[in-house]
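Chains, contacts and geometry: an overview
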Amino acid sequence: MDAVAVVPTLPTYPYQDPTAGDLIIRSCDGFDLHIDRARVAHASPVFSSMLSLPQPRSEKGPGAKPIVEVSEKKKVWQQLLPFLCVDEELQRDLSLDDFGKILKIVEKYELRRALLATLVHFISVNAVEEEPYLAYALACAHGLQDLAQRAARRTLALPIYPTETDAPAFALLSGAASYQLLQYRKRCAAALRTRLQPPQAGVPYPWISKEIADGISNTKGCTAFSCPPSALIDTFTLTWNSKRKPIQVKIRASWVKYLEDLVKALEYNPQGATARSLTLLKPVVQSVLKCPNCAEKIYAEAEVFSQKVEKEIEEVIAGVRLTFAA
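My aim in this report is to walk through the structure given alongside it, one point at a time. (Residues numbered from 1 in each chain as written. Predicted model: local features only at pLDDT ≥ 70, side-chain atom pairs only at ≥ 80, totals over all residues. Heavy atoms only, no water.)

1. As for the overall build of the protein chain
Stated formally: The helix and strand labels rest on DSSP assignments: H or I over at least four residues marks a helix, E over at least two residues marks a strand, and numbering proceeds from the N terminus. Throughout, a residue-residue contact means that at least one pair of heavy atoms, one from each residue, lies within 4.5 Å. Using a 1.4 Å probe, the Shrake-Rupley method yields the accessible areas, and only the shown protein chains count as cover for residues.
The number of helices and strands found in the protein chain is 14 helices and five strands. A separation threshold of at least 6 residues defines the contact pool for the protein chain, and within that pool the share at least 24 residues apart is 66%. Carbon and sulfur atoms make up 56% of the accessible area of the protein chain, which amounts to about 18100 Å² in all.

2. What to know about helix 7 (residues 132-141)
The criterion, for reference: The rule is simple: take the accessible area with a 1.4 Å probe, protein chains only, and divide by the maximum for that residue type; under 20% is buried, over 50% is exposed, in between is partly exposed.
Of all ten residues making up helix 7, nine are buried, and the element is well covered by its neighbours. Among the residues of helix 7, those classed as buried are P132, Y133, L134, A135, Y136, A137, L138, A139 and C140. Following helix 7 by one or two positions, G143 has its phi on the positive side, about 70 degrees.

3. Here we look at the packing of aromatic side chains
Definition in use: The criterion for an aromatic pair is that two Phe, Tyr or Trp rings (for Trp, the six-membered ring) have centres within 6.5 Å, with stacked assigned to planes under 30 degrees apart, edge-to-face to planes over 60 apart and tilted to the rest.
Applying the stated rule across the entire model yields six aromatic pairs. Consider the rings of W255 and F305, whose centres lie 4.7 Å apart with planes at 70 degrees: the pair is edge-to-face. Of the two residues, W255 sits in helix 12 (residues 253-266) while F305 sits in helix 14 (residues 292-318), which places them 50 residues apart along the sequence. Accessibility assignment for this pair places W255 and F305 in one class, buried.

4. Quick word on the nonpolar core
Using the following cut-off: Nonpolar cores were defined as sets of buried Ala, Val, Leu, Ile, Met, Phe, Trp, Tyr and Cys residues, with membership established by side-chain atoms within 4.5 Å.
If you look at the biggest cluster of nonpolar residues, it comprises 54 residues, and the most contacted ones within it are Y136, W255, Y258, L262, F305 and I313. Residue assignment for this core shows that the elements contributing at least two residues are helix 7, helix 8 (145-155), helix 10 (175-196), helix 11 (210-215), helix 12, helix 13 (278-286) and helix 14. With 24 residues, the next largest nonpolar core counts V68, V76, L84 and I105 among its residues.

5. Some words on the environment of V106
The residue V106 is located in helix 4 (residues 96-108) in this model. Sequence-wise, V106 and S44 are 62 residues apart; in three dimensions their C-alpha atoms are separated by 8.9 Å.

6. Regarding the sheet that holds strand 2 (residues 32-35)
Under the convention used in this document: In short, DSSP must find at least two bridges between two strands for them to pair. All axes are obtained by fitting lines to C-alpha atoms, using only the stretch in contact for helices, and the reported angles, taken between N-to-C directions, cover 0 to 180 degrees.
As summarised here, the arrangement of the three strands in space is 2-1-3, forming an open sheet in which the pairing is mixed. Single-partner strands in this sheet number two, and they are strand 2 and strand 3 (67-69). For this sheet, the mean inter-axis angle between neighbouring strands, taken without regard to orientation, is 25 degrees. Pairing analysis gives three bridges linking strand 1 (residues 23-26) to strand 3, with the strands arranged parallel. Across the sheet, residue I25 finds its bridge partner in strand 3, namely V68.

7. Some thoughts on the pairing of strand 1
Sheet topology note: the strand 1/strand 2 ladder contains four bridges and is antiparallel. Each residue of the ladder has a partner; that of I24, found in strand 2, is H34. From the end of strand 1 to the start of strand 2, which pair antiparallel, there are five residues, and G30 there has a positive phi angle of about 85 degrees.

8. What about the packing of helix 8 against helix 10?
Test applied: Geometric relationships in this document are graded by angle, where less than 35 degrees denotes roughly parallel, more than 145 denotes roughly antiparallel, 65 to 115 denotes roughly perpendicular, and other angles denote oblique. When the near helix sits turned anticlockwise from the far one by under a right angle, the crossing is termed left-handed; a clockwise turn instead gives a right-handed crossing. Side-chain classes are defined by residue name, with Ala, Val, Leu, Ile, Met, Phe, Trp, Tyr, Cys and Pro counting as nonpolar, Asp, Glu, Lys and Arg as charged, and the others, Gly among them, as polar.
Contact geometry of helix 8 with helix 10 gives a least axis separation of 10 Å together with a crossing angle of 60 degrees. Regarding the angle of helix 8 to helix 10, the classification is oblique. Note on packing geometry: the crossing formed by helix 8 with helix 10 is right-handed. Judged by residue contacts, Q149, A152, R153 and T155 of helix 8 engage L181, Y184 and R185 from helix 10. Its residues assigned to classes, the contact of helix 8 with helix 10 comprises three nonpolar, two polar and two charged.

9. So, the packing of helix 7 against helix 8
Taken N-terminus to C-terminus, the directions of helix 7 and helix 8 make an angle of 155 degrees; their axes are 8 Å apart at the nearest point. Between helix 7 and helix 8, the interaxial angle falls into the category roughly antiparallel. Read as a crossing pair, helix 7 and helix 8 show a hand that is left-handed. Listed contacts from helix 8 to P132, Y133, A135, Y136, A139 and C140 of helix 7 are L147, A148, A151, A152, R154 and T155.

10. Concerning the environment of P206
Tracing the backbone shows P206 in the loop between helix 10 and helix 11. Residue class for P206 comes out exposed when judged on its relative accessible area of 53%. It is 9.7 Å that separates the C-alpha atoms of P206 and R195, two residues lying eleven residues apart in sequence.

11. Observations concerning the environment of A139
Considering the arrangement of structural elements, one finds A139 in helix 7. Here A139 falls in the buried class, since its relative accessible area comes to 0%. In sequence terms A139 and L103 are 36 residues apart; their C-alpha atoms lie 9.7 Å from each other.

12. Observations regarding helix 13
Note the threshold: By arc we mean the arc of the directions from the helix axis to the C-beta atoms, nothing more. Polar contact is the term for a pair of N or O atoms within 3.5 Å; when the atoms are in protein, one must be able to donate a hydrogen and the other to accept it, and sequence-neighboring residues count only if both atoms are side-chain atoms.
Taken residue by residue, helix 13 has L280, L281, V284 and V285 as its buried positions. Mapping the buried residues of helix 13 onto a view down its axis gives an arc of 130 degrees, with all of them on the same face. Those residues of helix 13 that are exposed and angled more than 90 degrees off the buried face are L278, T279 and K282. Check the buried side of helix 13 and you find it contacts helix 12 and helix 14. Where helix 13 begins, the capping side chain belongs to S277, and its oxygen is found 3.2 Å from the backbone nitrogen of T279.

Purely spatial values, then, with no claim about function.
As structure tokens, then:
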């Protein structure tokens, strides 16, 4: 019995099925993408106007489709089109360079629906977390203020000045956008300095609760000789009571030093994680290691207090807004 030749089935790539759709978008590299005319016309006023005029057709007869020739390559259109079709799966491996090319088409053809979908997808794949400077540059270039705010906040975890890797992103920024990013960092540091300045006599420090303050004090039953009164500060004012008298607590002097050093560190690294820096916490821990009572609980104490400070830092930064500049 003669063997039957098996003809391999070639994969059909997105939008390249000639039986689909009633419009052809012909890319500059010669590929035809078959799509639904109504969808693209509804999404883009530019396409809507273009399709109201006679277009060349793919063939003669009732099955002929109008052809719109575009100046972009096939790849970027294949990446863009799913953003117009909510029932299609989006690519998960788009690079920031891909997003930049997509956004150019979005602006060119006024694809506002695709712009919103692109923004949502851009955030969902964590591109902002991976390359915040480039994300900020793209956001500024395309008027995406919310995305610029999120990217600017992420840059706080990076050096003030971009590394060689980040340099291409800064080449895309206008002078105004670069300036506002630097000013945003400075405003964050200033807000943190105001909120977290070390306690002073008679000055309220309301963001630390009485419970937290008691947790960083060794007055709760420690009578060891290695914890003398000189290790404490007693001018720490939480707030005033109903009779306008200050509520004061005693805390370890090492925690006051920690706050002083933290404020300095936040000038260059204004982010919550700075509060848990081992460089800042190590002196606090070492200050009580000679006391058997305090050494036993200092690590838990440091964990709780640094987490509280980290949360406070993030809340302060959340209240600082970027001045957007395209």
